[in-house]
Amino acid sequence: MVAPLKDLRDRGIFSQEEIHAIVQRRRSSEMLLQRRSGIRKSDYLRYIEDEMLLERLRKLRKQKVLSEMKDKKKERYENGDDDHDDAPNTGSKKHAYQTSGPGDAHIVSHLHFIYQRTLRKFNYPIDVVLNYAQFARDFKSFHHMSRIYAEGLQRHPREEGLWIEAASFEFFGYVAQDYENGSDIGGESSTVMGSSIQNARVLMQRGLRINGKTSQELWLQYFALELHYVQKLRGRREILELGLNKEGLPVEEGGSSDAENDEENRGVQMPSTLLLPSQIIFKNAIKAIPDNIQFRLRFVETCRQFPQTEQLESCIMDSITKDFGESVEGWVARISYADEGCRKNSSKRRKETVGFLTAENEEEEEEADEGRPTKKARKENDPALELIDEALAAVQTPAMYLECARFLRMRIQQLLEETEQDEIKHLLQANEDAVQSAQRHAELLEGIYSSAKENNVSSNSLTLDNADFLLSVGLPERAEQLLGTACRSNLTDARLQLRWSQVSQRMEAAGMKPSSSSVSILRRALRSIPMHDRAAYLMILTELMNQIMIMGPPSKVVDEELKGLFQKVLLVAQGSEFSIQRENKNEDSSEYEDQNLAAAFLSYFRYTLLNNTSAARSIYTSILYHSSYCKRCTEMSAVEIESMKSFFDACIQYETSNKPSGSKEKKNAHKRQLCKLYESAVSFFSSIQSDGYWRKVVDSYRKELQREKYSL
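Just so it is clear, the model here is predicted, and its values are computed rather than measured.

Visitor: Would you mind showing me how to read the pattern of salt bridges here?
Guide: Pairs may arise between side chains of opposite charge once their charged atoms sit close together. All told, the structure shown has 33 salt bridges when counted by the stated rule. Linking D104 and R58 is a salt bridge whose minimum nitrogen-to-oxygen distance equals 3.1 Å. Of this pair, D104 sits in the loop between α4 (96–99) and α5 (106–121) while R58 sits in helix α3 (residues 41–78), placing them 46 residues apart in sequence. Given a relative accessible area of 7%, D104 falls into the buried group. Its relative accessible area of 0% is what places R58 among the buried residues. Salt-bridge contacts for E679 lead to K709; the nearest nitrogen and oxygen are separated by 3.9 Å. Of the two residues, E679 is situated in helix α31 (residues 664–686) and K709 in helix α32 (residues 693–709); the sequence distance between them amounts to 30 residues.

Visitor: Hey, could you run me through the environment of Q414 in this one?
Guide: Within the fold, Q414 resides in helix α19 (residues 398–417). Exposure remark for Q414: the relative accessible area of 24% places this residue in the partly exposed category. Sequence separation of Q414 and A438 is 24 residues, and the distance between their C-alpha atoms is 8.9 Å.

Visitor: How do you make sense of the side chain of H110 when you look at a structure like this?
Guide: Relative to the assigned elements, H110 resides in helix α5. Within the structure, the side chain of H110 is placed 2.9 Å from the side chain of Y47, a separation counted as a polar contact. When neighbours within four sequence positions are excluded, H110 is seen to be in contact with R26, Y47 and E51.

Visitor: How should I be thinking about the environment of P102 in this particular structure?
Guide: With respect to the helices and strands, the residue P102 is situated in the loop between α4 and α5. For the pair P102 and P4, spaced 98 residues apart in sequence, the C-alpha separation works out to 5.2 Å. For P102, the contacting residues outside a window of four places in its chain are P4 and D7.

Visitor: When you look at the nonpolar core in this model, what are you seeing that I'm missing?
Guide: Where a protein is soluble and globular, its nonpolar side chains tend to be buried together. Counting residues in hydrophobic clusters, the biggest one holds 70 residues, and the most contacted among them are F135, W219, F223 and F299. A total of eight residues in this core trace back to one element, the largest contributor, which is helix α10 (residues 216–240). When neighbours within four sequence positions are excluded, F299 is seen to be in contact with W219, L220, F223, F282, A285 and I316. I548, C630, M644 and F647 belong to the second largest nonpolar core, which has 63 residues in total.

Visitor: In this structure, what is going on with the packing of aromatic side chains? I would like to understand it.
Guide: Tallying each qualifying case throughout the model produces 24 aromatic pairs. Plain terms: the ring middles of F605 and F647 are 5.8 Å apart, the flat faces sit at 70° to each other, and that makes the pair edge-to-face. Taken together, the residues F605 in helix α28 (residues 597–611) and F647 in helix α30 (residues 638–656) connect sequence positions 42 residues apart. We note that F605, like F647, is buried. Feature note: the residues F648, Y678, F684, F685, Y693, W694 and Y701 constitute an aromatic cluster, connected by ring pairs. For K232, the ring lying beneath its charged end belongs to F171, and the centroid distance is 5.2 Å. Directly above the aromatic system of Y625 lies the positively charged group of K676, at a separation of 4.2 Å from the ring centroid.

Visitor: Is there a simple way to explain the packing of helix α9 (residues 197–210) against α10 in this structure?
Guide: For any two helices packed against each other, the geometry is given by the interaxial angle and the distance between the axes. The N-to-C vectors of α9 and α10 enclose an angle of 165°; their axes lie 10 Å apart at closest approach. Considering their axes alone, α9 and α10 lie roughly antiparallel with respect to each other. α9 and α10 meet at a crossing whose hand is left-handed. Contacts from I197, A200, R201, M204, Q205, G207 and L208 of α9 reach α10 at L218, W219, Q221, Y222, L225, E226 and Y229. Here the contact of α9 with α10 is composed, by residue class, of nine nonpolar, three polar and two charged.

Visitor: Sorry, what's going on with α32 here?
Guide: Three- or four-residue spacings in an α-helix give side chains the same orientation, since the helix completes a turn every 3.6 residues. Across its 17 residues, α32 extends 25 Å between first and last C-alpha, which sits within 8% of the 24 Å expected from 1.5 Å per residue. Buried within α32 we find W694, V697, V698, Y701, L705 and E708. Projected onto a plane normal to the axis of α32, the buried residues spread over an arc of 95° and lie on a single side. For α32, the exposed residues set more than 90 degrees away from the buried face come down to K696 and K703.

The rules behind these values
- Residues numbered from 1 in each chain as written.
- Predicted model: local features only at pLDDT ≥ 70, side-chain atom pairs only at ≥ 80, totals over all residues.
- Heavy atoms only, no water.
- Salt bridge = Lys/Arg side-chain N within 4 Å of Asp/Glu carboxyl O.
- Helix = DSSP H or I, 4+ residues; strand = E, 2+ residues; numbered from the N terminus.
- Buried < 20%, exposed > 50% of the residue type's maximum accessible area, 1.4 Å probe, protein only.
- Polar contact = N/O pair within 3.5 Å; in protein donor to acceptor, adjacent residues only side chain to side chain.
- Contact = heavy atoms within 4.5 Å.
- Core = buried A, V, L, I, M, F, W, Y, C linked by side-chain atoms within 4.5 Å.
- Phe/Tyr/Trp six-rings, centres within 6.5 Å; stacked < 30°, edge-to-face > 60°.
- Lys NZ or Arg CZ within 6 Å of the ring centre and 35° of its normal.
- Axes fitted to C-alpha atoms, helices over the stretch in contact; angles between N-to-C directions.
- Parallel < 35°, antiparallel > 145°, perpendicular 65-115°, else oblique.
- Left-handed = near helix turned anticlockwise from the far one by under 90°.
- Nonpolar A, V, L, I, M, F, W, Y, C, P; charged D, E, K, R; others polar.
- Expected span 1.5 Å × (residues − 1).
- Arc of directions from axis to C-beta.

Structure follows, in structure tokens:
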């Protein structure tokens, strides 16, 4: 027996039987690692996992043994059997053999040995390198981490995450800790070991050079690294209580000594020169990646995670204004940034101490009380609204109008739904509540739609957005008129036709008379939209079927029309690699939402059961056996697959509730039909690459199939 295991046995941490089991398990694991053929990485990882569990058990056992020793010693002391020097909690040092031994570090050392063997055997796989680094961090083996990262980067220089983790370790370092007790060595005075901003910078720069300076994540993390360093310097100054004035310079000795001035001038502000490295990194980053506005906005998000970075944020936004001044994305970014800044300023004002009103504030309140502010006054003190006017004047495109309209609609929704006053206070003007502010924004939104019409700027998306706004303010007649005009000029856009039909149906339900009924709109759209645009054609087909089934009443003509529409759906939906998305997209239209054909089939099947039961079997046989719809299960969404389960259940319920009572031949034919349904369900749901729920569904269908096969 090796000495460490003997030590663990003698100290009562493991019994003799447990030591024997540990040795046997290690022997079995080593035999798996030494076989000549079929060596698997999973064997090494399983060996590591077993040793980690053993180490956790050893640590718990040791804590239990020490706790029992402490209780026994306390009991002996209370009974007067121990000397006074051995009394508990007197600071006397315990015997080394009772508290520690060679077995304590044995398992961790063995784990390091196994990790090194795994890395050498499989040429340093990246997942094992990261797991090894995490293991060394968890078990306080910090002296191994530099070598782990160095060897990993030598084999995987293109792994961005590895460069970032290595630089993070070099910068943040570690606090020297006692692994056994989990306490800092040295107590509260412990310092961070191995923290080096120089080493972290070298690693990030080397990673950028190797990865071609086009890695967005490396640039962002390098930028964040410098901000972390600035924050670290700021914390040091606050701890050392080095007074700074608002310009970031030391306070003169002969300055004011008032308590308020001391609080105001204390080291909260830092010299602006400390942000120069971050600015240089940002400029080099946009030089390497110049045409990505989202990349620059991520720098703004990084700045917001640190205090006192407003100057840096302003520099980033100036670069966006300069390089993307004529693009929609640039204007949207500036408007969003202005809105966020307005919200921040409002929250800062709330946090400030409220004192007596100044004369200036009193004058402003008097002016606000004189009456409702003008349109120009309604936009002042709100830079986001001013930027919207500038954006619409500079870029008169449908996309720009649409983004501005969506921004105002988002504000209106926030004003009407937000319950906390503090969250919307930056959107309110003097003597204005949330409803009045929402009305003011609605007027501005209506002005945007009118401006787009005057400037002959239009698109299908802008028309749909305008219609949704009119419906939200209770003007369905204007929405229906707007959609009708747009649909007559653009007969092939399924989204406009479908929205017009929905608005028309909504008006009919409310007792109003639209210019065209919903069914007639969909019938005209079906004649206008080409069949090769399968997504749009199917959208109109399924909606027309639903409208006809809802409108009623059932008749032979209606049944024939529904049957024809159903056959068209099956015809268009067939084909391999079919996806219910618009194939010919343009810049003015968004993607169609996924169609749920299974839900349409289920609705038609249930409608047939209520009105024409004899045709129900022909419907599900056409779908399940005479079309390729069920063969594209892997392309269906989760909602559509769930609808298919409901469809199968409805078909099975129909067959089980209509069992024939005649001859044996009819019963056997019905039995074969029902078994065929179960087999189709098993085949369909077995093709889903998922565990858990769908596997249970398949098992339940198989049980029902076996029961039906062998039933009398």
